[in-house]
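For reference, the chains in residue letters:
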Amino acid sequence: MPKTFYITTPIYYVNDVPHIGHAYTTVAADVLARYRRLRGDDVFFLTGLDEHGQKVQQAAAKAGIAPQDHCDRLAPQFKKLWLKLNISNNGFIRTTDTGHKRVVQRYLQQLHDKQLIYKADYTGWYCTFDERFWTEKDVADGLCPDCKRPVDRLSEHNYFFKMGQYQDRLIDYIKSHENFIRPESRRNEVLGFLQTQKLGDLSISRPKSRLSWGIELPFDQDYVTYVWFDALVNYMSALEYLRPEPLVARFWPADVHLVGKDILTTHAVYWSTMLMALELPLPQTIFAHGWWTVNGEKMSKSRGNVVDPYAIVDEYECGVDAFRYFLLREVPFGHDGDFSIQALSRRTNSDLANGIGNLLSRTLTMIDRNCDGAIPDVSQDYIESAHQKYPLLLNAKQQLLALEKHLDGLYASFEFNDLLLNIASLATIVDIFIDQHEPWRLAKDPGKRTELNTVLYTAAECLRILSLYIYPVMPNTAKSIAEQLGLDVNWGSPLLSQEIKWGELQCGTKIRKGSALFPRIESKTQGAKTVSDSAASSQPTPVTSTASTPAPQAPTPAPSAPVQISIDEFMKVQLKTATVLTAERVPKSEKLIKLQVDLGGEQRQIVAGIGKRYEPEQLVGKRIVIVANLKPAKLMGIESQGMVLAAGDKDVGGLVTVIEEVPPGTKVK
Ligand code: MSP
């Protein structure tokens, strides 16, 4: 029997359209679900909508329609977004489903029968926005301690769940179950609160006279259920009615409830004590992730800065996978992060377009050109024996295979960004491996055929393995890599249920080179802040006379007669970083390569005399330095709008590049 894995997201309020916060949790849950399926687990991944409560009732009233109509209008927007973001949920729950309502009422009745629910008068400070009462000591200056909105004095009869009596049991449970609340800092927060404050009982009803949009209490028709009691039950009710065959025995307790930090208490305290009272096992882990700000500010409707995932994926053409990658790579899961278009573009360009995208493209171009478009023929025995000759081959291969052993640990500790960092550095290792063996040189020597095949086979096999690693985060990209390598992979099968084996890529497989995996995002808005900040704070880098002029339009200063120039003269030279977008040889020239470079919002054509040192495919994606204010000149009839900097004297030794990831167009001084 396969291991089961049950993962949930919060169910989202339908008071408004989905935003980046909703997308964040759902993408993270999807990545975990996809990974566990690759490992062969029997997965149930649940998401859905929280459709009752005051917020939804108010939103419907504002729209001038009935609450149910409002929910029916918004539900497709969430479903459509999940399709767009490639979310592979197995269930989608709506709390207005009859099946769900029945379970909520059954639980309420059970607790009532066990006398764990009682009726009492309650007077307190009520926050409409948070839909909860606060005590006198919580409220300062008449404001809700949570959302800082004004609270109202309310007095009403309500039903209460005897939550307080579970305080000690809950403390013991958290203490004895290390992984129950994660990350550690959040666990300590919850423990701290439980150990210092008396846990009260929980009001689980709202009088219909005040709020009618909810599930009626089974034992008093004048009341509806408090929205949080209703919502939390979704994690169990879904297992009962979303499939003809109930799934409770198979999937409960849940393995992971992913939630945002703001709703940890409701999960760790309300839900846990509700389960204790119902005599049901508690989930294995509740993980609370951080929040996204936008350009350094809290995201809110009133600020008008709510990030719409549709717009990001469509308008900025970064693609679904780049967005998914960004969300999980940018900040450690559990920490807060800041979203900006610049950060998204930088991350996509540096890690994806210049990383794995460029690696696939250059590998396939070389296979196309030198091996008739088929995976080259090379015996695995030769590869084995070549290890000594090519230490980097062994390195790339071993490191790539080694990651498989760490996957479970990285996923179990929700270290998505470490995982992606590992994957990105593996792609870099393969890139370096290619650079060091210079297949473009090997291709010129018929005696080096076996070596050439070994290098290209290794690169292609590394890419095949990389596609398995990236699949949970970037499923479309993984599929595209496999397809372009000529493979027919069944991604629905448990591809990681067995150890990854080296050498499964069959020689002779016809590759199917397609379009670039990640077209570079051209920043619509300049990353002005980061650009000037980093340029201003970095030490001036002297451009010495060892930087030669590869394009022949300017003479190389003679080393024997160093000419001294004043700082003013030097300051006239505008040096900037640029990223190579395309590179091609100038016909009939051994030396000249025509480059299209990105200067950050501006594209330039540069003809550079670097063709003896570099093959065009080596250059795409590289971050170089150019003289940006050189008068345009024509070389072999082609206009060159600047000059690249390279080290070397008569011959080009190497292009000048920038270690740090600065945006194209950044001033160099
Ligand atoms: N309906 C409740 C959850 C009930 S679960 C039984 C709810 N819904 S919500 O739509 O308001 O929020 C859902 C999730 O979105 C929460 O986990 C919350 O943390 C998350 N986010 C809302 N804004 C966010 C950011 N700015 N950044 C990251 N996540 C954020 O609460």
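What you see is a predicted model, and the numbers here were worked out from it, not measured in a lab. (Residues numbered from 1 in each chain as written. Predicted model: local features only at pLDDT ≥ 70, side-chain atom pairs only at ≥ 80, totals over all residues. Heavy atoms only, no water.)

S.K.: Looking at this structure, how should I read the nonpolar core?
M.R.: Generally speaking, nonpolar side chains in soluble globular proteins are found buried as a group. The biggest cluster of nonpolar side chains holds 115 residues, and the ones touching the most others in it are Leu85, Leu258, Phe323 and Phe339. Sort the elements by how many residues they give to this core and helix α18 (residues 449-470) lands first, with 13 residues. Among all residues touching Phe323, those that are not within four sequence positions of it are Ile20, Ala23, Leu85, Pro309, Ile312, Val313, Cys318, Phe339 and Leu344. Core analysis: the next-biggest nonpolar cluster, separate from the first, contains 63 residues, Phe229, Phe251, Ile263 and Leu282 among them. (Core = buried A, V, L, I, M, F, W, Y, C linked by side-chain atoms within 4.5 Å. Buried < 20%, exposed > 50% of the residue type's maximum accessible area, 1.4 Å probe, protein only. Helix = DSSP H or I, 4+ residues; strand = E, 2+ residues; numbered from the N terminus. Contact = heavy atoms within 4.5 Å.)

S.K.: Before we go on, may I ask you to explain the domain arrangement of the protein chain in this structure?
M.R.: The parts lose accessible area when they come together, and the size of an interface is often stated as this lost area. The domains assigned to the protein chain are domain 1 (312-484) and domain 2 (568-655). Taken over C-alpha atoms, the centre of domain 1 sits 27 Å from the centre of domain 2. Residue-level contacts link 10 residues of domain 1 with eight residues of domain 2. Considering only the side of domain 1, the residues that lose the most area to domain 2 are Asn354, Asn358 and Trp440, jointly responsible for 47% of the buried surface there. Put simply, domain 1 and domain 2 have two salt bridges between them. Listed by contribution, the elements that provide at least two residues to the side of domain 1 that touches domain 2 are α13 (341-370) and α17 (439-442). Across the side of domain 1 that touches domain 2, the residue classes break down as two nonpolar, two polar and six charged. (Domains from an automatic or database assignment. Buried area = accessible area lost by both parts, 1.4 Å probe. Salt bridge = Lys/Arg side-chain N within 4 Å of Asp/Glu carboxyl O. Nonpolar A, V, L, I, M, F, W, Y, C, P; charged D, E, K, R; others polar.)

S.K.: How do you make sense of the environment of Asn158 when you look at a structure like this?
M.R.: For Asn158, the position within the fold is in strand β6 (residues 152-161). Taking C-alpha positions, Asn158 is 32 Å from Thr285, a pair spaced 127 residues apart along the chain. Among residues more than four places away in sequence, those in contact with Asn158 are Tyr118, Lys119, Ala120, Phe133, Ser203, Ser205, Arg206, Pro207 and Tyr223. Polar contacts involving the side chain of Asn158 include one to the side chain of Glu156, which spans 2.7 Å. (Polar contact = N/O pair within 3.5 Å; in protein donor to acceptor, adjacent residues only side chain to side chain.)

S.K.: Whenever I open this one, the packing of aromatic side chains confuses me. Can you help?
M.R.: A ring pair, where both rings are aromatic, is described by two values, the distance of the centres and the angle of the planes. Across all of its chains, the model carries 28 aromatic pairs by this definition. On the numbers, 6.1 Å between centres and 75 degrees between planes, the contact of Trp252 with Trp271 is edge-to-face. Of this pair, Trp252 sits in the loop between α9 (248-251) and β12 (256-260) while Trp271 sits in helix α10 (residues 264-277), and the two are 19 residues apart along the sequence. By relative accessible area, which is 9% here, Trp252 ends up buried. Overall, Trp271 belongs to the buried group, its relative accessible area being 0%. Connected via pairs of aromatic rings, a cluster forms that spans Tyr24, Tyr35, Phe287, Trp292, Phe326, Phe333, Phe339, Tyr411, Phe414 and Phe416. It is Arg132 that lies over the ring of Trp134; its NZ or CZ is 3.6 Å from the centre. (Phe/Tyr/Trp six-rings, centres within 6.5 Å; stacked < 30°, edge-to-face > 60°. Lys NZ or Arg CZ within 6 Å of the ring centre and 35° of its normal.)

S.K.: Explain the sheet that holds β6 here, please?
M.R.: Each strand in a sheet pairs with its neighbour through backbone hydrogen bonds, running either in the same direction (parallel) or in the opposite one (antiparallel). Judged by pairing direction, the sheet is antiparallel, and its four strands sit side by side in the order β5-β4-β6-β8 without closing on themselves. Across the chains shown, the open sheet's two edge strands, defined by having one partner strand only, are β5 (132-134) and β8 (202-203). Here two bridges tie β6 to β8, and the two strands are oriented antiparallel to one another. Paired with Phe160 across the bridge in β8 is Ser203. (Pairing = 2+ DSSP bridges.)

S.K.: What is the right way to look at unusual backbone geometry in this model?
M.R.: Both trends apply: most residues other than glycine have a negative phi, and most peptide bonds are in trans. Residues Arg182 and Pro183 are joined by a peptide bond in cis, for which omega reads -10 degrees. Relative to the helices and strands, Pro183 resides in the loop between β7 (181-182) and α6 (184-196). Of note in the backbone geometry, Asn86 takes a positive phi value of approximately 65 degrees without being a glycine. Relative to the elements of secondary structure, Asn86 occurs in the loop between α3 (67-84) and β3 (91-94). Despite not being glycine, Gln115 has its phi angle at roughly 55 degrees, a positive value.

S.K.: How do you make sense of the site of the ligand when you look at a structure like this?
M.R.: What surrounds the ligand is a group of 23 residues, the closest being Ile11, Asp50, Gly260, Asp262 and Trp292. Within the contact set of the ligand, an oxygen atom lies 3.2 Å away from a backbone nitrogen or oxygen of Tyr13. The contact in question runs from a nitrogen atom of the ligand to an N or O atom on the backbone of Trp292, over 2.9 Å. Burial of the ligand by the protein chains amounts to 93% of its free accessible area of 670 Å². For the shell around the ligand, the secondary-structure elements that each account for two or more residues are β1 (4-13), α1 (20-38), α7 (227-232), α8 (234-241) and β12. Top contributing element to the shell around the ligand by residue count: β1, with four residues. Residues of the shell around the ligand, tallied by class, amount to 13 nonpolar, eight polar and two charged. (Near = heavy atom within 4 Å. Areas by Shrake-Rupley, 256 points an atom, 1.4 Å probe, with all protein chains shown as cover.)

S.K.: Honestly, the packing of helix α5 (residues 167-176) against α10 in this entry has me stumped. Any pointers?
M.R.: Two numbers describe how α5 lies on α10: the axes approach to 11 Å, and their chain directions differ by 105 degrees. If you check the angle between α5 and α10, you find them roughly perpendicular. Taken together, the residues of α10 that come into contact with α5 (itself represented by Arg169, Leu170 and Tyr173) are Ala268, Val269, Ser272, Thr273 and Met276. Here the residues of the contact of α5 with α10 sort into five nonpolar, two polar and one charged. (Axes fitted to C-alpha atoms, helices over the stretch in contact; angles between N-to-C directions. Parallel < 35°, antiparallel > 145°, perpendicular 65-115°, else oblique.)

S.K.: Is there a simple way to think about the environment of Asn305 in this case?
M.R.: In this structure, Asn305 sits in the loop between β15 (297-298) and α11 (309-315). Given the relative accessible area of 13%, Asn305 is considered buried. For the pair Asn305 and Asn295, spaced 10 residues apart in the sequence, the C-alpha separation amounts to 8.9 Å. Not counting chain neighbours up to four residues away, the residues in contact with Asn305 comprise Val294, Glu297, Lys298, Met299 and Ser300.

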